[in-house]
Amino acid sequence: MLIIMMVFFIFAGNFLAFPFASRLKFQLLFYNVFCFFVFVSCFSYLFEFVALDIEAAFFLLTVNFTLFFILSVVDLCLTFKRKLITKRGLSTFDYLISLFLISAVVIEIYSKLHEYSIIHIFSNVLRDDFINAYLLYFLIFFTAYLFYNGESKLDMFLSIFCLFLCFLLGVKGIVLLILFVYIIRQLDSKFDTKSIMKLIIICSVGIVSFYSSYVVPRVLFEGEHLLDVIYDINQRFIFYSASGVLSFSIDYANGVDMNNISSLYVPFYNGYVNIFDSGSEKASYMVNIINSLSISGFGSYSNVKTLYGTIFLNSGNYKLLNFFVFFVFNVFLIVFRRLFNQRFKYTNTALTMYLACLLISWFEFYYWHAFLLYGVIYAVILDFFACCIARKFTISYR
């Protein structure tokens, strides 16, 4: 029954969108990616996971189809004269920001390395509040901007170097999110053989980054055998692929209702607490660490519930309201990128990062991470300065 339901949803979505596939490339990608990971979860019993609940699967697939349908209809109804993609290439202003940013991050890292052995640069030591949080947030945002707007070989070098710094100072999800922004860029461009090759390279970089984040510290620092580590990582990869869907499935079947609405709006809620009510307790997005998933010989737990599952479990009596807000927000992202991306390049990138969260919706609710909101703040400021600079030169020319 599960397989039949999966085939129906996959066929229905792709059949409806097929006549408009060239316009709905992003919508088709996020829809099919989510369906794929639900499909993988259908075979969880082969890997000694718990079985996927059919009602939970139906709920996830229905919400995914509804979002896909709404975003597709809105996109097709938009009329616009501008091209979808922004003008590629970086300005002198961008290069100056890159120089400042890389210098600031490298200097801060170097200033603290005396506390550790240089070989620990790949270990978790650099990931635990190693540099100023606001500098890290700006690094994440601007790396995504470089990937989305870079054109020359120098631009690509800057992008990869900044991505390397994000890899050292962040977590795997952040690196993947930046790579997803680049994938969206390729979808926005003319989709030819060259674009497909770039996507293959990016996917390879993502896989290599995933494996490197585990292989390097465990082989170099803990002395484990390489083949044992790779086998364990393969198990972990399978675990990550199914953990979001199956973890939500367990909570859904058990009637879990965390009713923690503030966790869905963590950046806004905690920002309000910091400014107006410093005595109150801040919200946390780590709201469920129940040991609900396990593989034989692999002791771990899942606290991710997919994007849609997290909204459902944390909304209490306001499920329809929160899903409405979520749908409207993503409609806004589609509209903005269609109509205003030529004028606001930085903001376009920051909002594209939010849109990229849909490509990892099968795993986690990424909207609650503060670096996304700060990316929008930084982008608005940079677009303001860029507009002022452009206006000044235009007036001077006249």
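Every value quoted in this text rests on a predicted model; they were computed, and no experiment measured them.

Draft legend 1. Here's a closer look at the overall build of the chain. In terms of helices and strands, the chain carries 14 helices and zero strands. For the chain, the α and β elements follow one another from N to C terminus as α-α-α-α-α-α-α-α-α-α-α-α-α-α. A separation threshold of at least 6 residues defines the contact pool for the chain, and within that pool the share at least 24 residues apart is 76%. As displayed, the chain has an accessible area near 19,900 Å², and 68% of this comes from carbon and sulfur atoms.

Draft legend 2. Inspection of the packing of aromatic side chains at higher detail. Applying the stated criterion across every chain, the model contains 47 aromatic pairs. Ring plane angle 80° and centroid distance 5.2 Å describe the contact between F36 and F37, whose orientation is recorded as edge-to-face. Residue classification places F36 among the partly exposed residues on the basis of a relative accessible area of 45%. A relative accessible area of 14% places F37 in the buried class. Between F65 and F68, the ring centres sit 6.4 Å apart and the planes meet at 50°, which makes this aromatic pair tilted.

Draft legend 3. Highlighting the packing of helix α2 (residues 25-41) against helix α9 (residues 226-253). In contact at an axis separation of 9 Å, α2 and α9 are set at 85° when each is read in the N-to-C sense. By the criterion of interaxial angle, the relationship of α2 to α9 is roughly perpendicular. Across the interface between the two elements, F37, V38 and S41 from α2 touch S241, A242, V245 and L246 from α9. Its residues assigned to classes, the contact of α2 with α9 comprises five nonpolar, two polar and no charged.

Draft legend 4. Structural view of the environment of A104. Relative to the assigned elements, A104 resides in helix α4 (residues 92-112). Looking at A104, the relative accessible area reads 21%, which means it is partly exposed. In this structure, the C-alpha to C-alpha distance between A104 and L139, residues 35 residues apart in sequence, is 10.0 Å.

Draft legend 5. Inspection of the nonpolar core at higher detail. Grouped together as the largest cluster of nonpolar side chains are 113 residues, with contacts concentrated most on F30, L139, F141, F142, Y308, F326 and L358. If one sorts the elements of this core by residue count, helix α5 (residues 133-149) sits on top with 13 residues. When sequence neighbours within four positions are dropped, the list of residues in contact with Y308 reads F30, F34, F59, L60, V63, N64, L67, F323, F326 and S361.

Draft legend 6. A look at the pattern of salt bridges. Overall, the coordinates contain five salt bridges when judged by the stated rule. Across the salt bridge formed by D75 and R338, the nearest N and O atoms sit 2.6 Å from each other. Residue D75 is found in helix α3 (residues 54-77), and its partner R338 is found in helix α12 (residues 319-339); the two are separated by 263 residues along the sequence. Each member of the pair, D75 as well as R338, carries the same accessibility label: buried. The salt bridge partner of K305 is D251, with a shortest N-O separation of 2.9 Å. Of the two residues, K305 is situated in the loop between α10 (266-276) and α11 (307-314) and D251 in helix α9; the sequence distance between them amounts to 54 residues. Residues joined in a network through salt bridges with shared partners are R23, D75 and R338.

The rules behind each value
- Residues numbered from 1 in each chain as written.
- Predicted model: local features only at pLDDT ≥ 70, side-chain atom pairs only at ≥ 80, totals over all residues.
- Heavy atoms only, no water.
- Helix = DSSP H or I, 4+ residues; strand = E, 2+ residues; numbered from the N terminus.
- Contact = heavy atoms within 4.5 Å.
- Areas by Shrake-Rupley, 256 points an atom, 1.4 Å probe, with all protein chains shown as cover.
- Phe/Tyr/Trp six-rings, centres within 6.5 Å; stacked < 30°, edge-to-face > 60°.
- Buried < 20%, exposed > 50% of the residue type's maximum accessible area, 1.4 Å probe, protein only.
- Axes fitted to C-alpha atoms, helices over the stretch in contact; angles between N-to-C directions.
- Parallel < 35°, antiparallel > 145°, perpendicular 65-115°, else oblique.
- Nonpolar A, V, L, I, M, F, W, Y, C, P; charged D, E, K, R; others polar.
- Core = buried A, V, L, I, M, F, W, Y, C linked by side-chain atoms within 4.5 Å.
- Salt bridge = Lys/Arg side-chain N within 4 Å of Asp/Glu carboxyl O.

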